[in-house]
Every structure is written in C-alpha cells, then in structure tokens.
Amino acid sequence: MTETCAPEQVRRVACVGAGVIGGGWVAHFLARGYDVTAWDPAPDAEARLRRLVEAAWPALEQLGLAPGASIGRLTVTATLEEAVCEAQFVQESAPEKLDLKRELLTKLDAATPAGVVIASSTSGYPMTDMQTEAVTPGRLVVGHPFNPPYLIPLVEVVGGERTDLEAVRWASRFYEMAGKSVITMDREVPGFIANRLQEALWREALHMVASGEATVRDIDLSITEGPGLRWAIMGPMLTFALAGGEGGMAHMLDHFGPSLKSPWTRLEAPELDKALYDAVVAGCDDAADGRTIADLVSERDRGVIAVLRATGRLPGSETGTEAGAE
C-alpha cells in the first residue's frame, strides 16, 4: 500500500453515508479538528446530518473539543466523487446490506486517491466478503464503531484476506490519533468482538421476554443497577476475576466453573414472531415512561460523560472525582 500521508498528518476525512452512524462519525471527526466532507444519496441527507451534528455538539463540548474544531468545517457534497477526491481517509457507513456495501466500496476504491485507506463501519460483515470486486482491495479495512461514534470510544479494526497488513496498522494508528480506543483484531470473525458479546446478551433478553420470565424494564434494570456499573470500570473477564477474591480468576473458575453446566442461558436466537416483537416494543414504550427519543439520547449522553469523567477517562479528570457535577 502506498500511503498518501502518515496518520498524524491527516487533515481531511470523508464520510460516505450520513445516517445515525455516519453522522456520528462526522460529529466525532469535526470535534477532533478535521475538515470533513460528507455524502449521502438521500435527498434530505444534508439537513438531517446538520441537525444530528448540532444535537451532538453540546456533548462534544463537554468531552472537550480539539483546537480549531468547528461545525463550519463540514462540507456536504453533491456526489460521492466530490466527497473523496481530496480525502486522506474515508469512513463508509452505508446501510448493512452486503451487496450495497460491496458495490459502494468498489466505487470508493475507484474514486479515492491512491493509497488512501478506506474503512467500513459494518456491524458484522467480514471485509473478505465486501472487498471482492475492488481493484485495490489491500487498502480496505473494517473500522467498526459503537453507537454513537461521537461518544463511545471503541472502534474495532480488522482487515480481510486481501487487505494489506500495513493498511490495518495505519487505520489503527489513525483512529488512535482521532481519539478512539482501538482494538486491532488478528483475524476476522462475524460480528467482531463487542457485537458478539452484545448479541449474546440481547438474545437471552429476548428469550426471557418471550417466555414471560422478565419484563423489558426488569432486564434493563438488572444491567444498569447491576453488572453494567462494574462493566463501565472493567470488562466481564476482570469483573469475574474479582469474584474469586485473592485467588483471582483461578479461584473463581474452581468455585463457579460447575455452574457452566447449569441452564443459565440459551444461546440460540428465539423466533422473532409478532408476539415477541409486540412485547419488546411495548415494553420499551413502558420503560421510556413518557420520555421522547431525544430525551433518552440526552440522558444517555450525560450519563456516559459522567461515567467517563468519574473513571478518569476525560482530560483533566481523575479516578474517584465526583461525577455529574455540571
């Protein structure tokens, strides 16, 4: 792969696809001080994108803007080619349809300057399956964020069978420079890491609703008032290790290992029939308790920022300081 510049030298980013994920990327890159060009084929894409960025900006101001960061550095173009013609990095965030991803990445490969890395925000498709028609597939990588990309630090980076290793390294370094917490995967796995873990919990939750074992409210409360608070500090592995006391994970496995034989989970997805669909939708409406989506987004943003500040993950904050004091 021929690089156009080092990750530290990137100044202009192109975001192709401007929905919830693509728009979140736009907001993040703007907040980090980049010039951003964006394109989306929807006729109202620019208006929706600018509303999303403006709504996200107060949270980004609380997180801390990079020098020179400005909504005014966003340019929405009329064509895909205009969006990427001067880009030094491209983030694709089209809908999760394999044929669409494959076609779009092929077009991006043809239109983007040589050597520029192109990353896909796919939630689960392996890059091997998406890069099949590209002329220079070596520069195509997965850069999978968590929603919303402007707020959640995680991005998972992995290449396909035809991706150059240097492109993966370059992308990982760029995301780090752009303020992301990066996991560089050694091999492809459908759904990557975080989504596979999240999906397992989601499927078990659906089973419990479908069987009447728990309500939507019960399930959410069991996480927000239970393991979710610990997971915000450390992941499930270290959390379980602490359950072993001074003996750590070894003692935990010795003590709780037999429970793996217990019927505590079902890993096969339930049939998402109308009854289950209606129960989940109604349960979420009930749990919202009159709050709008905008209300919930604002509440979530404030909460995540408070957790990040409390755990010392924001500039100028220290672990143990009082959270949510603004």
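Located above this text is the structure these notes cover.
Residues numbered from 1 in each chain as written. Predicted model: local features only at pLDDT ≥ 70, side-chain atom pairs only at ≥ 80, totals over all residues. Heavy atoms only, no water.

Looking at this structure, I do not really get the overall build of the protein. What am I missing?
Counting secondary structure elements, the protein contains 13 helices and 8 strands. Relative to the 2.2 N^0.38 estimate, which gives 20 Å for 326 residues, the radius of gyration of the protein is 21 Å and therefore close to what a compact globule would have. With respect to the principal axes defined by its C-alpha atoms, the protein has extents near 55 × 45 × 45 Å. Relative to its 326 residues, the protein shows a buried fraction of 41%. For the protein, the accessible area works out to roughly 17400 Å², and carbon and sulfur atoms hold 57% of it. (Helix = DSSP H or I, 4+ residues; strand = E, 2+ residues; numbered from the N terminus. Rg over C-alpha atoms; globule rule 2.2 N^0.38 Å. Buried < 20%, exposed > 50% of the residue type's maximum accessible area, 1.4 Å probe, protein only. Areas by Shrake-Rupley, 256 points an atom, 1.4 Å probe, with all protein chains shown as cover.)

For this particular structure, what's the right way to read the environment of Gly17?
Within the secondary structure layout, Gly17 lies in the loop between strand S1 (12-16) and helix H1 (20-31). As for Gly17 and Glu92, which are separated by 75 residues in sequence, their C-alpha atoms are 6.2 Å apart. In this view, Gly17 contacts Gly22, Gly23, Trp39, Asp40 and Ser93; residues no more than four positions away in its chain are not counted. (Contact = heavy atoms within 4.5 Å.)

Even after reading the chapter, I still don't get helix H12 (residues 274-288), so can you show me in this structure?
Turn by turn, an α-helix covers 3.6 residues, leaving residues three or four places apart pointing in a common direction. Relative to the 21 Å expected for 15 residues at 1.5 Å per residue, H12 spans 21 Å between its end C-alpha atoms, a close match to the ideal helical length. In this fold, the buried residues of H12 make contact with helix H7 (194-210), helix H8 (216-224) and helix H13 (293-310). Phi turns positive, to about 55 degrees, at Asp289, one or two residues after H12. (Expected span 1.5 Å × (residues − 1).)

What should I look at first to understand the sheet that holds strand S4 (residues 89-92) in this one?
Whether parallel or antiparallel, the strands of a sheet pair through hydrogen bonds between backbone atoms. An order of S3-S2-S1-S4-S5-S6-S7-S8 is seen for the 8 strands of this open sheet, with the pairing classed as mixed. Either end of the sheet is taken by a strand with one partner, and the two such strands are strand S3 (74-76) and strand S8 (181-184). For this sheet the average axis-to-axis angle between neighbouring strands, irrespective of direction, equals 25 degrees. By the bridge criterion, 5 bridges tie S1 to strand S2 (residues 35-39) in an arrangement that is parallel. Counted as the bridge partner of Val13 is Val36 from S2. (Pairing = 2+ DSSP bridges. Axes fitted to C-alpha atoms, helices over the stretch in contact; angles between N-to-C directions.)

Help me understand unusual backbone geometry in this model?
Residues apart from glycine generally show negative phi values, whereas peptide bonds are mostly found in trans. Omega for the peptide link from Asn147 to Pro148 comes to -5 degrees, which places this bond in the cis form. Along the chain, Pro148 falls in the loop between strand S6 (140-145) and strand S7 (154-159). Even without glycine at this site, Phe192 takes up a positive phi of about 60 degrees. Mapping Phe192 onto the fold places it in the loop between S8 and H7.

Would you explain the environment of Pro43 in this entry?
Along the chain, Pro43 turns up in the loop between S2 and helix H2 (45-63). Expressed as a C-alpha distance, the spacing of Pro43 and Ala78, which sit 35 residues apart in the sequence, is 10.0 Å.

What am I meant to see in the nonpolar core here?
Considering soluble globular proteins, one finds that nonpolar side chains tend to be buried as a cluster. Within the largest apolar cluster, 41 residues are counted, with the highest numbers of intra-cluster contacts made by Val26, Phe29, Phe89, Phe174 and Tyr175. Broken down by secondary-structure element, the contributors of at least two residues to this core are S1, H1, S2, H2, S7, helix H6 (165-177) and H13. Look past the residues within four positions of Tyr175 in its chain and what remains in contact with it is Trp25, Phe89, Gln91, Ala119, Gly143, Val155, Val157, Lys180 and Val182. Membership of the second largest hydrophobic core comes to 22 residues, among which are Val16, Leu80, Leu104 and Leu140. (Core = buried A, V, L, I, M, F, W, Y, C linked by side-chain atoms within 4.5 Å.)

So what exactly am I meant to see when it comes to the packing of aromatic side chains here?
Two aromatic rings, taken as a pair, are described by how far apart their centres are and by the angle between their planes. Taken as a whole and assessed by the stated rule, the structure comprises 11 aromatic pairs. Ring plane angle 15 degrees and centroid distance 5.7 Å describe the contact between Trp170 and Phe174, whose orientation is recorded as stacked. Pair noted here: Trp170 and Phe174 are both in helix H6, with a separation of 4 residues, about one helical turn. Each of the two residues, Trp170 as well as Phe174, counts as buried. Centre to centre, the rings of Phe174 and Tyr175 are 5.8 Å apart; their planes meet at 55 degrees, and the pair counts as tilted. (Phe/Tyr/Trp six-rings, centres within 6.5 Å; stacked < 30°, edge-to-face > 60°.)

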